[in-house]
Amino acid sequence: MIRAVIFDLDGTLCDSVEAHVRSWIEAVASFGHVLPRDLILKLVGRTTREIAEELARLGLCPSVDELVRRKTEIFIGKYVDLVKPKPGVYDVLKELRELGLRLGIASSSKREAVYRVLSRLELWNFFNVVVTGEEVRRGKPEPDIFLEVCRRLSVKPLECVGVGDTVHDVIACKRAGMMAIAIASEFYPRDLLAAHGADYVVSTLFEVATIIKSLIGASR
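Residues numbered from 1 in each chain as written. Predicted model: local features only at pLDDT ≥ 70, side-chain atom pairs only at ≥ 80, totals over all residues. Heavy atoms only, no water.

Focus: the overall build of the protein chain
A tally of regular secondary structure across the protein chain gives 10 helices and eight strands. The globule rule puts the C-alpha radius of gyration for 220 residues at 17 Å, and the 17 Å found for the protein chain is close to it. Taking the principal axes of the C-alpha coordinates as reference, the protein chain spans close to 60 × 35 × 30 Å. A buried classification covers 54% of the 220 residues belonging to the protein chain. Long-range pairs, those at least 24 residues apart, make up 66% of the contacts in the protein chain between residues at least 6 apart in sequence. Total accessible area on the protein chain is roughly 9900 Å²; 51% of this is exposed by carbon and sulfur atoms. Considering the protein chain, the positive charge centre built from 31 side chains and the negative charge centre built from 30 side chains are found 3 Å apart. (Helix = DSSP H or I, 4+ residues; strand = E, 2+ residues; numbered from the N terminus. Rg over C-alpha atoms; globule rule 2.2 N^0.38 Å. Buried < 20%, exposed > 50% of the residue type's maximum accessible area, 1.4 Å probe, protein only. Contact = heavy atoms within 4.5 Å. Areas by Shrake-Rupley, 256 points an atom, 1.4 Å probe, with all protein chains shown as cover. Lys, Arg positive; Asp, Glu negative; His and termini not counted. Charge placed at Lys NZ, Arg CZ, Asp CG, Glu CD.)

And the structure:
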């Protein structure tokens, strides 16, 4: 029986990839280095700190902590207004709540950035639980963040559906023991998401709602 739905935030509920990419590129540039766009796109979906650690290993910054600070500051101060809600997000979340489902967010981003996006897009009231990347020991594709949301929602992983837009989301959901719905994009096409274990691959949030309603109906 499905009791809860856990969503990734960036790229799933909102279109924020460009805002984060620009923030990373500008933060690295502040250290005098050039960050290739295709490189940062491959890292999207990991926690902010894990991305910074990878960029540090590549010699693109001298300090992980300072890169994280600068990136977050640039995102909030300069690019957060580029973040837009995905089509249908309000209608879909309202419908899922009306079905009696508990809703959670499992976002790899920094807490401050997540809270700012949720406030700006007026999404707070839809969610029972919000967990960010800095609240768990291991980021996606490890299952920690999805398991923590389950714990706070007081539900079992088998009672949850995870929804995300990257292979990191899919792998984390499956490792947590829950069903995974993946939303395909130009960065993560259908075949790639399916190959990493997604139970369903869709194009829109509306399709996510349709699948969840069918799962609920099948379990009754």
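As for the state of the cysteines
For the structure shown, the criterion picks out zero disulfides. For Cys 173, which is in no disulfide, the shortest distance to another cysteine sulfur is to Cys 150 and amounts to 9.0 Å. Cys 173 sits in the buried class, given a relative accessible area of 1%. (Disulfide = S-S within 2.5 Å.)

Things to note about the packing of aromatic side chains
How two aromatic rings sit relative to each other is set out by the distance from centre to centre and by the angle between their planes. Scanning the model with the defined rule gives three aromatic pairs in all. Seen from their ring centres, Phe 7 and Phe 127 are 6.4 Å apart, and the 80° between their planes marks the pair as edge-to-face. Linking Phe 7 in strand E1 (residues 4–7) with Phe 127 in the loop between helix H6 (111–120) and strand E5 (129–132), this pair joins segments that are 120 residues apart in sequence. Exposure class is identical for Phe 7 and Phe 127. Each is buried. Centroid distance Tyr 90 to Phe 126: 6.4 Å. Interplanar angle 45°. Geometry classified as tilted. With Tyr 90 in helix H5 (residues 89–98) and Phe 126 in the loop between H6 and E5, this pair connects stretches of sequence that are 36 residues apart. A relative accessible area of 33% places Tyr 90 in the partly exposed class. (Phe/Tyr/Trp six-rings, centres within 6.5 Å; stacked < 30°, edge-to-face > 60°.)

Thoughts on the packing of helix H1 (residues 17–29) against helix H4 (residues 64–79)
Between H1 and H4, the shortest axis-to-axis distance is 8 Å and the interhelical angle comes to 130°. Between H1 and H4, the angle is such that the two are oblique. The interaxial crossing formed by H1 with H4 has right-handed handedness. Together, Ala 19, His 20, Arg 22, Ser 23, Trp 24, Glu 26, Ala 27 and Val 28 of H1 and Leu 67, Arg 70, Lys 71, Ile 74, Phe 75, Lys 78 and Tyr 79 of H4 make up the contact between the two elements. Residue composition of the contact of H1 with H4, by class: eight nonpolar, two polar and five charged. (Axes fitted to C-alpha atoms, helices over the stretch in contact; angles between N-to-C directions. Parallel < 35°, antiparallel > 145°, perpendicular 65-115°, else oblique. Left-handed = near helix turned anticlockwise from the far one by under 90°. Nonpolar A, V, L, I, M, F, W, Y, C, P; charged D, E, K, R; others polar.)

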